[in-house]
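The residues making up each chain are set out below.
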Amino acid sequence: MRGRQVGRRRGDAGQAFPVYVTVIAGLLFLGFVYFAVAQAAVTRSGGQTAADAAALAAAQDAREQLRDGWLDVILDPEEWDGYLKGDEYFADQACQRAEEFAAKNNAEILAGDCTSLSEGEKGFRVRIRTLDAVGESLVPGTEKQHAVASATAVLEPRCFFDAPEPTPPPTPSTPDPTGSSTPTPTPTPSPEPEPITGLVCDGVEWVIDPDHPRLPDAADLFAVRLAD
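Here is what the cut-offs are and how they apply
Residues numbered from 1 in each chain as written. Predicted model: local features only at pLDDT ≥ 70, side-chain atom pairs only at ≥ 80, totals over all residues. Heavy atoms only, no water. Disulfide = S-S within 2.5 Å. Helix = DSSP H or I, 4+ residues; strand = E, 2+ residues; numbered from the N terminus. Buried < 20%, exposed > 50% of the residue type's maximum accessible area, 1.4 Å probe, protein only. Pairing = 2+ DSSP bridges. Axes fitted to C-alpha atoms, helices over the stretch in contact; angles between N-to-C directions. Contact = heavy atoms within 4.5 Å. pLDDT = per-residue confidence, 0-100. Polar contact = N/O pair within 3.5 Å; in protein donor to acceptor, adjacent residues only side chain to side chain. Phe/Tyr/Trp six-rings, centres within 6.5 Å; stacked < 30°, edge-to-face > 60°. Lys NZ or Arg CZ within 6 Å of the ring centre and 35° of its normal.

A few words on the state of the cysteines. A full pass over the atoms with the stated rule returns two disulfides. Here Cys95 is linked by a disulfide to Cys114, with a sulfur-sulfur distance of 2.1 Å. Taking the sign of the S-S torsion, about -85° here, the bridge from Cys95 to Cys114 comes out left-handed. In this pair, Cys95 is assigned in helix α3 (residues 91–104) and Cys114 in strand β1 (residues 107–116), connecting sequence segments 19 residues apart. For Cys95, a relative accessible area of 9% puts it in the buried group.

Sheet analysis places strand β2 (residues 123–133) next to strand β3 (residues 146–157), joined by eight bridges and oriented antiparallel. Opposite Ala133, over in β3, you have His146 as the bridge partner. Pairing between β3 and strand β7 (residues 222–226): five bridges, direction antiparallel. Note that in β7 the partner of Val154 across the bridge is Arg225.

So, on to the sheet that holds β1. One open sheet accounts for four strands, arranged β1-β2-β3-β7; its pairing is antiparallel. This sheet does not close on itself; its edge strands, each paired only once, are β1 and β7. Mean inter-strand twist for the sheet, computed between neighbouring axes without regard to direction, equals 20°. Contacts between α3 and the sheet are confined to β1 and β2, with β1 contributing the most and set at about 155° to the helix.

Before going further, it helps to examine the pairing of β2. Note that β1 and β2 share six bridges and pair antiparallel. Each bridged residue has a counterpart across the sheet, and for Ser116 the counterpart in β2 is Phe124. Connecting β1 to the next strand, β2, in antiparallel fashion are six residues, including Glu119 with a positive phi near 60°.

Time to look at the sheet that holds strand β5 (residues 196–201). The strand order across the open sheet formed by three strands is β4-β5-β6, and the pairing between neighbours is antiparallel. Two strands in the sheet have a free side with no partner beyond their single neighbour: β4 (159–161) and β6 (204–208). The mean angle between the axes of side-by-side strands here comes to 30°, regardless of whether they run parallel or antiparallel. Bridge count between β4 and β5: three bridges; the pairing is antiparallel. For Phe161, the partnering residue across the bridge sits in β5 and is Leu199.

Moving on to the confidence of the model for the protein chain. In regions of low pLDDT, the predicted coordinates are not meant to be interpreted in detail. Mean pLDDT for the protein chain: 78, with 63% of residues reaching 70 or above. In the predicted structure, residues 31–41 sits below a pLDDT of 50 and forms nine contacts with residues beyond four places in sequence or in another chain.

Before going further, it helps to examine the side chain of Gln65. Position of Gln65 among the secondary structure elements: in helix α1 (residues 2–72). Under the relative-accessibility criterion, Gln65 is labelled buried at 11%. Looking at Gln65, its side chain comes within polar contact range of the side chain of Asp61, at 2.8 Å. Beyond its immediate stretch of four places on either side in the chain, Gln65 contacts Tyr89, Phe90, Gln93 and Ala94.

The next point concerns the packing of aromatic side chains. Under the criterion given, the structure shown has three aromatic pairs. Residues Trp80 and Phe161 carry aromatic rings whose centres are separated by 4.6 Å and whose planes lie at 55° to one another, so their mutual orientation is tilted. Within this pair, whereas Trp80 is found in the loop between α1 and α2 (81–84), its partner Phe161 is found in strand β4, the two being separated by 81 residues in sequence. By relative accessible area, Phe161 is classed as partly exposed at 23%. With a centroid separation of 5.7 Å and 55° between ring planes, the pair formed by Tyr89 and Phe124 is classed as tilted. Remark: Phe124 occurs in strand β2 and Tyr89 occurs in the loop between α2 and α3; sequence separation between them is 35 residues. For the pair Tyr89 and Phe124, one class covers both residues: buried. Taken together, the ring pairs in this structure connect Trp70, Trp80 and Phe161 into an aromatic cluster. Between Lys104 and the ring centre of Phe101, over which it is positioned, the NZ or CZ distance is 4.6 Å.

Structure (structure tokens):
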């Protein structure tokens, strides 16, 4: 009787062993799948971070270009319009900056995937591809698959310029009709440049003194943000 019970226990153990192996193998497989999915998610998340950083870098570079160009014509308000509206910058230079930031985030911008916005909007749209594969050879077929992400950064003007009415020049004196000799008047020296008024940024009026200019910085002239 006792030998029969021992034999039955051994038989039960022998039958349970394959079940244990199957369960452990299933758990290991699920763990592997979860790890691969998590790694792919991390790669895609990093790709979106790279796209956001690249788009912002392009827009910020354009903003710096606009302010530098505006400073070059600061004493000629008639030349301000294109700079304050966000038109006078080199898109290729801004996209080079975007490529640098994409590379810092382990991604690349392919040819033609950094473009200026159109239809009245100012800014850039970029599309990146991660340098790391999604699965890094952990899952067959994913070793050549890379995450792709895109982002848009807009450049919003904060300032406008409303030129004041020009001051009329003084009326020149008329000669004496009697013909009497009068001393020649001393020529009036050219007036000093007057402060430039009419520039308003976010409701704050700026007065630009040509001798001691206090100027808005790039962030005062334009806001840069990611678009949805």
